[in-house]
Amino acid sequence: QVQLVESGGGLVQAGGSLRLSCAASGRTFTSGYAMGWFRQAPGKEREFVAAISWSGVNTNYESSVKGRFTISRVNAKNTVYLQMNSLKPEDTAVYYCAADRNYGVVAVAGTAYDYWGQGTQVTVSS
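Residues numbered from 1 in each chain as written. Predicted model: local features only at pLDDT ≥ 70, side-chain atom pairs only at ≥ 80, totals over all residues. Heavy atoms only, no water.

**Topic: the side chain of R73**
- In this fold, R73 is placed in strand 7 (residues 69-74).
- For the buried R73, no salt bridge is present, and the opposite-charge side chain at shortest range is D100, 9.5 Å distant.
- Here the side chain of R73 touches Y33 through a polar contact of 2.9 Å, landing on its backbone oxygen.
- From its side chain, R73 meets the backbone oxygen of S53 in a polar contact 2.9 Å long. (Helix = DSSP H or I, 4+ residues; strand = E, 2+ residues; numbered from the N terminus. Buried < 20%, exposed > 50% of the residue type's maximum accessible area, 1.4 Å probe, protein only. Lys, Arg positive; Asp, Glu negative; His and termini not counted. Salt bridge = Lys/Arg side-chain N within 4 Å of Asp/Glu carboxyl O. Polar contact = N/O pair within 3.5 Å; in protein donor to acceptor, adjacent residues only side chain to side chain.)

Structure below.
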C-alpha cells in the first residue's frame, strides 16, 4: 500500500503564508511517482493546484496560484511540499496530495493519480 499524509494546514490571514507537507510511505517515492496537490472548497469540485515530477525538474501550476505557490519535494525524506504565499480567501479549501505512477508527467487531471491523502484544511480569513 501507499499512504499519503498531509500536514501544515491551518488558519491564516489574507496575504499570509503556509507551508503544506505530504509525507509518503510505502513505495511512492522509491517507485518514482510524480506528485500533485489538489484542493476542494465547499460547494466546488476538486481542482488541480500544482504537480511535480519525480525528479523535481518538471512542475505545473494552476493559473490562479502560479507565482504565489511553489511545489517542491525531497525524495530522501519521502516528502512533497506546497509553499503558499500571498494567500487569498478564495484559496480556502481542503488540500489533498496525490501520487501518480507516471513519474515524468505533471498531470492536471485527478483521474491520472493513483493514491490520495486525507487532506488538510486551509482557511484564509479576509
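**Looking at the nonpolar core**
- One finds W37, L82, M84 and Y95 to be the most contacted residues of the largest nonpolar core, which totals 28 residues.
- Those elements that provide at least two residues to this core are strand 3 (18-25), strand 4 (34-40), strand 5 (47-52), strand 7, strand 8 (79-84), strand 9 (93-100) and strand 11 (120-125).
- Within the second largest apolar cluster, seven residues are counted, among which are F48, A98, V106 and Y113. (Core = buried A, V, L, I, M, F, W, Y, C linked by side-chain atoms within 4.5 Å.)

**Digging into the state of the cysteines**
- Tallied over the full model, the rule gives one disulfide.
- A sulfur-sulfur distance of 1.9 Å marks the disulfide that ties C22 to C97. The disulfide joining C22 to C97 has a torsion of about 50° about its S-S bond and is therefore right-handed. Of this pair, C22 sits in strand 3 while C97 is found in strand 9, placing the two residues 75 residues apart along the sequence. Just as C22 is buried, C97 falls in that class too. (Disulfide = S-S within 2.5 Å.)

**Some points on the pairing of strand 1 (residues 3-7)**
- Burial of strand 1 is one-sided: the residues L4 and E6 facing one way are buried, the residues Q3, V5 and S7 facing the other way are not.
- Pairing between strand 1 and strand 3: five bridges, direction antiparallel. The residue of strand 3 that forms the bridge with L4 is A24. (Pairing = 2+ DSSP bridges.)

**Thoughts on the packing of aromatic side chains**
- For the structure shown, the criterion picks out five aromatic pairs.
- Each ring, one from F38 and one from W116, has its centre 4.9 Å from the other, and the planes form 55°; the classification is tilted. Here the residue F38 occupies a position in strand 4, and W116 occupies one in strand 10 (residues 115-116), the gap between them amounting to 78 residues.
- Residue F38 is classed as buried on the basis of its relative accessible area of 2%.
- On the accessibility criterion, W116 (26% relative accessible area) is partly exposed.
- One aromatic cluster in this structure is built from F38, F48, Y113 and W116.
- Geometry around F38 places R46 over its ring, the cationic atom sitting 5.9 Å from the centre.
- Above the ring of W116, the side-chain terminus of R46 is found at 4.2 Å from the ring centroid. (Phe/Tyr/Trp six-rings, centres within 6.5 Å; stacked < 30°, edge-to-face > 60°. Lys NZ or Arg CZ within 6 Å of the ring centre and 35° of its normal.)

**A short note on the pattern of salt bridges**
- All chains considered together, the criterion is met by four salt bridges.
- Its salt-bridge partner being R39, residue E47 comes within 2.6 Å of it at the nearest N-O pair.
- Accessibility expressed as a relative area gives 33% for E47, which makes it partly exposed.
- Across the salt bridge formed by R39 and D91, the nearest N and O atoms sit 2.9 Å from each other. Taken together, the residues R39 in strand 4 and D91 in the loop between strand 8 and strand 9 connect sequence positions 52 residues apart.
- A relative accessible area of 4% means that R39 is categorised as buried.

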